[in-house]
Amino acid sequence: MSKFRLAHLGLVMAAIGFTAATPVIGLGSLAYAADTVRAEVGKPLQEAQKLTSAGKNKEALAKLREADNVSGKTAFESYQIERVRASAAAGAGDNATAIKAFEAVINSGRLSAAEAPKFTQGLAGMYYRAKDWPNAITWFKRSLKDRDDQQTRDYLIQAYYSSGNYAEAAKELQSKGGNSEASLQMLANIQLKQNDKAGYVSTLEKLATSYPKSSYWADLLNRVSGKPGFSQRLGLDVQRLRLANGLFTKPSEYMELSQLALQAGNPGEALSIIDQGYKKGVLGTGADAARHQRLKDLALKTQAELKANAAKSEAEYVKNKDADALSKLGFALVYDGQADKGLGLMNDAVKMGTAKYPEEAKLHLGIAYIHAGKKANANTALKTVKGTDGAADLARYWTLMNK
């Protein structure tokens with residue numbers, strides 16, 4: 001059974017687009033009432049600032065050592081030194097030094113309300129790049145207290161995931177993770193790791209609905225047909241959904257489904273499938289072209305027989321209260337272009353209440369409505385499908401596609 005997995009988790013973060021960028025920082029004002037910077041500290045400090053502005057960050061870090069060596073520094077002088085060091089170290093790629101400087105600046109209590117969120121977010125980003133997940137989580141959470149934004153929350157979720165704390169990552173994703181494809185992919189990945197099959201399928205359904213891709217639908221349909229209790233009678237219906245979602249690529253797939261449709265007494269559907277194969281250039285070419293044509297000829301012949309015998313068959317089924325046969329006939333007539341007649345028979349079959357497979361009859365009624373272009377009627381019919389044999393799952397998938 002196929003399993004959806006992310007090709008690389010980096011794709012998720014690229015999709016999120018958050019960079020956890022270091023804030024642009026430097027010297028604060030050098031004179032606040034009683035706060036002043038002495039010349040012996042201020043001179044190398046301002047020179048380091050100029051070097052940082054010129055992109056010479058390593059030289060700036062070296063210049064700061066002169067300010068560090070001044071004895072008896074005040075708290076304000078140390079704060080100014082750490083501001084410049086934070087900027088220079090971040091620019092130089094010295095993550096360890098930058099982290100210490102950022103923490104010193106944040107813990108000084110001197111940052112303005114406007115600056116504080118930028119510093120906490122920047123520090124969280126540095127811990128994230130260092131793969132220090134516990135500290136990254138701590139600072140992302142603190143950043144969210146300063147300012148709640150989705151990008152920071154997405155990074156928090158990724159930190160939880162990378163640290164192996166799947167429960168918290170899933171909790172965040174389900175509560176505030178949003179419905180972006182990247183967020184849903186990550187949640188699906190977590191649910192696979194936790195062996196949460198029901199949760200995984202639910203998330204996969206959201207992905208298939210909002211971001212319809214063949215990989216999502218292929219996984220969904222593989223899973224529904226592999227569920228315990230799935231009725232093999234619904235194999236044709238699974239293939240119908242595969243065709244509707246563009247999952248057919250081989251001549252054998254078109255041939256097999258058209259043959260199954262013929263066996264089910266629906267030559268109009270078989271012809272539709274064959275025609276799709278021809279239009280895509282999958283059928284009618286190659287060594288089996290003659291075989292493809294023979295199947296099409298058989299479908300045309302069977303369709304003519306259906307038309308000729310439809311009235312007689314209808315009378316017989318109504319007389320015998322054979323709801324299953326009447327539903328099948330109505331389904332075939334819908335695909336034969338007689339939508340009103342066919343849908344009428346299918347509704348009559350459901351109302352008879354004698355069907356051996358009532359959920360299947362309601363499922364097919366919904367599919368017939370979709371084929372006839374009656375979306376609202378289709379959704380009404382599909383919502384009535386119950387049971388645990390797979391019919392209800394398939395009805396839900398048709399509803400998802402019918403939005």
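Residues numbered from 1 in each chain as written. Predicted model: local features only at pLDDT ≥ 70, side-chain atom pairs only at ≥ 80, totals over all residues. Heavy atoms only, no water.

A closer look at the overall build of the chain
Inclusion rule: Only DSSP runs of H or I with at least four residues qualify as helices, and only runs of E with at least two residues qualify as strands; both kinds are numbered from the N terminus onward. For a compact globule the rule gives 2.2 Å times the number of residues to the power 0.38, and the radius of gyration it is set against comes from C-alpha atoms. We call a residue buried when its accessible area falls under 20% of the maximum for its residue type, exposed when it is over 50%, and partly exposed in between, using a 1.4 Å probe and counting protein chains only. In what follows, residue pairs with any heavy atoms lying within 4.5 Å of each other are defined as contacts. To be clear on the numbers: accessible area is Shrake-Rupley with a 1.4 Å probe, and residue cover counts the displayed protein chains and nothing else.
Along the backbone of the chain there are 21 helices and two strands. Its C-alpha radius of gyration of 33 Å places the chain more than 25% over the 22 Å reference for a compact globule of 403 residues. In terms of overall dimensions, the chain has a C-alpha envelope of 110 × 50 × 30 Å along the principal axes. When the 403 residues of the chain are sorted by exposure, 47% land in the buried category. Within the chain, contacts between residues at least 6 apart in sequence are counted, and of these 58% link residues at least 24 apart. With an accessible surface of roughly 19,600 Å², the chain has 50% of that area assigned to carbon and sulfur atoms.

Thoughts on the side chain of D336
Within the fold, D336 resides in the loop between helix 17 (323-335) and helix 18 (339-352). Judged by its relative accessible area of 13%, D336 is buried. Ignoring sequence-local partners within four residues, the contact set of D336 consists of Q303 and K307.

Some remarks on the pattern of salt bridges
Cut-off, in case you're wondering: Any carboxyl oxygen of Asp or Glu that lies within 4 Å of a side-chain nitrogen of Lys or Arg is treated as forming a salt bridge with it.
The full count for this structure, using the stated rule, is 22 salt bridges. Among the salt bridges present, the one from E47 reaches K63, with a minimum N-O distance of 3.2 Å. Linking E47 in helix 2 (residues 39-53) with K63 in helix 3 (residues 57-68), this pair joins segments that are 16 residues apart in sequence. Here R83 ties to E115 by a salt bridge, and the two come within 3.0 Å at their closest N and O atoms. With R83 in helix 4 (residues 75-92) and E115 in the loop between helix 5 (95-107) and helix 6 (116-129), this residue pair connects regions lying 32 residues apart in the sequence. Relative accessible area serves as the criterion here: at 24%, E115 is assigned to the partly exposed category. One connected set of salt bridges, linked through shared partners, spans E205, K227, D393 and R396.

Here we look at the nonpolar core
Under the convention used in this document: Take the buried residues of types Ala, Val, Leu, Ile, Met, Phe, Trp, Tyr and Cys, join any two whose side-chain atoms come within 4.5 Å, and each joined set is a nonpolar core.
L64, L123, Y128, F140 and I190 are the most contacted members of the largest nonpolar core, which has 47 residues in total. Judged by nonpolar contacts, the second largest core, of 38 residues, contains V238, A391, L394 and W398.

What to know about the environment of A96
Along the chain, A96 falls in helix 5. Each C-alpha atom, one on A96 and one on F140, is 18 Å from the other, the two residues being 44 residues apart in sequence.

With respect to the environment of S108
As a reminder, the rule being used: Between N or O atoms, a polar contact is any pair within 3.5 Å; within protein, one atom must be a potential hydrogen donor and the other a potential acceptor, and residues adjacent in sequence are included only when both atoms are from side chains.
Along the chain, S108 turns up in the loop between helix 5 and helix 6. For the pair formed by S108 and E82, sequence separation is 26 residues and the distance between their alpha carbons is 9.9 Å. At 2.6 Å, the side chain of S108 and the backbone oxygen of V105 are in polar contact.

What to know about the side chain of Q191
Examined against the element boundaries, Q191 turns out to sit in helix 10 (residues 181-193). Among the polar contacts listed, one links the side chain of Q191 to the backbone nitrogen of Y200, at a separation of 3.4 Å. If we ignore the near neighbours within four places in the chain, the residues touching Q191 are Q174, D196, G199, Y200 and T203.

Re the packing of helix 17 against helix 18
Which entries qualify depends on this criterion: For helices, the axis comes from a line fit to the C-alpha atoms of the stretch in contact; other axes are also lines fit to C-alpha atoms, and the angle between any two N-to-C directions lies between 0 and 180 degrees. In this scheme, roughly parallel covers angles under 35 degrees and roughly antiparallel covers those over 145, while 65 to 115 is roughly perpendicular and the rest are oblique. We call a crossing left-handed when the near helix sits turned anticlockwise from the far one by less than a right angle, and right-handed when that turn is clockwise. Each residue receives one of three labels: charged for Asp, Glu, Lys and Arg, nonpolar for Ala, Val, Leu, Ile, Met, Phe, Trp, Tyr, Cys and Pro, and polar for the others, Gly being one of them.
In the contact formed by helix 17 and helix 18, the axes pass within 7 Å of each other and the chain directions differ by 160°. When the interaxial angle is binned, helix 17 and helix 18 end up roughly antiparallel. As helix 17 packs across helix 18, the resulting crossing turns out to be left-handed. Every residue of helix 18 that contacts helix 17 at A323, L326, S327, L329, G330, F331, L333 and V334 is listed here: A339, K341, G342, L343, L345, M346, D348, A349 and M352. Tallied by class, residues from the contact of helix 17 with helix 18 come to 12 nonpolar, three polar and two charged.

Some words on a positive patch on the surface
What counts, and what does not: For patch detection, residues must exceed 30% relative accessible area and be free of salt bridges, and they are connected within 9 Å for like charges or within 5 Å for nonpolar side chains (Val, Leu, Ile, Met, Phe, Trp, Tyr). The charge count treats Lys and Arg as positive and Asp and Glu as negative. His and the chain ends do not count. By convention, the point assigned to a charge is CZ for Arg, NZ for Lys, CD for Glu and CG for Asp.
Residues K141, R142, K145 and K171 make up a contiguous surface patch of positive charge. Within the secondary structure layout, K145 lies in helix 7 (residues 133-146).

Some words on the domain arrangement of the chain
Which entries qualify depends on this criterion: All the domain ranges listed were derived from an automatic or database domain assignment.
Taken domain by domain, the chain comprises domain 1 (41-159 + 167-173) and domain 2 (237-402). Computed over C-alpha atoms only, the centres of domain 1 and domain 2 are separated by 65 Å.

Quick look at unusual backbone geometry
The phi dihedral of N195 is positive, around 60°, even though this residue is not glycine. Locating N195 in the fold gives a position in the loop between helix 10 and helix 11 (197-210).

Remarks on the environment of K176
Looking at where K176 falls in the secondary structure, it is placed in helix 9 (residues 166-176). In sequence terms K176 and V350 are 174 residues apart; their C-alpha atoms lie 43 Å from each other. Discounting chain neighbours no more than four positions away, the residues touching K176 are D148, Q150 and R153.

Description of the packing of aromatic side chains
The test is simple: Two rings from Phe, Tyr or Trp (for Trp, the six-membered ring) form a pair when their centres are within 6.5 Å of each other. A pair whose planes differ by under 30 degrees is stacked, one over 60 is edge-to-face, and the rest are tilted. Counted as over-ring charges are cases with an Arg CZ or a Lys NZ within 6 Å of the ring centre that also lie within 35 degrees of the ring normal.
Applying the stated criterion across every chain yields a total of 10 aromatic pairs. With centroids separated by 5.5 Å and ring planes inclined at 70°, the aromatic side chains of F140 and Y155 adopt a geometry described as edge-to-face. Within this pair, whereas F140 is found in helix 7, its partner Y155 is found in helix 8 (residues 150-162), the two being separated by 15 residues in sequence. A ring pair is formed by F331 and Y335, whose centres lie 5.2 Å apart and whose planes are at 75°; its orientation type is edge-to-face. Here F331 pairs with Y335, and both are found in helix 17, just four residues apart, close to one helical turn. Neither F331 nor Y335 differs from the other in exposure class; each is buried. Pairwise contacts between aromatic rings join Y128, W133, F140 and Y155 into one cluster. The aromatic ring of Y357 is capped on one face by R233, whose charged end is 3.5 Å from the ring centroid.

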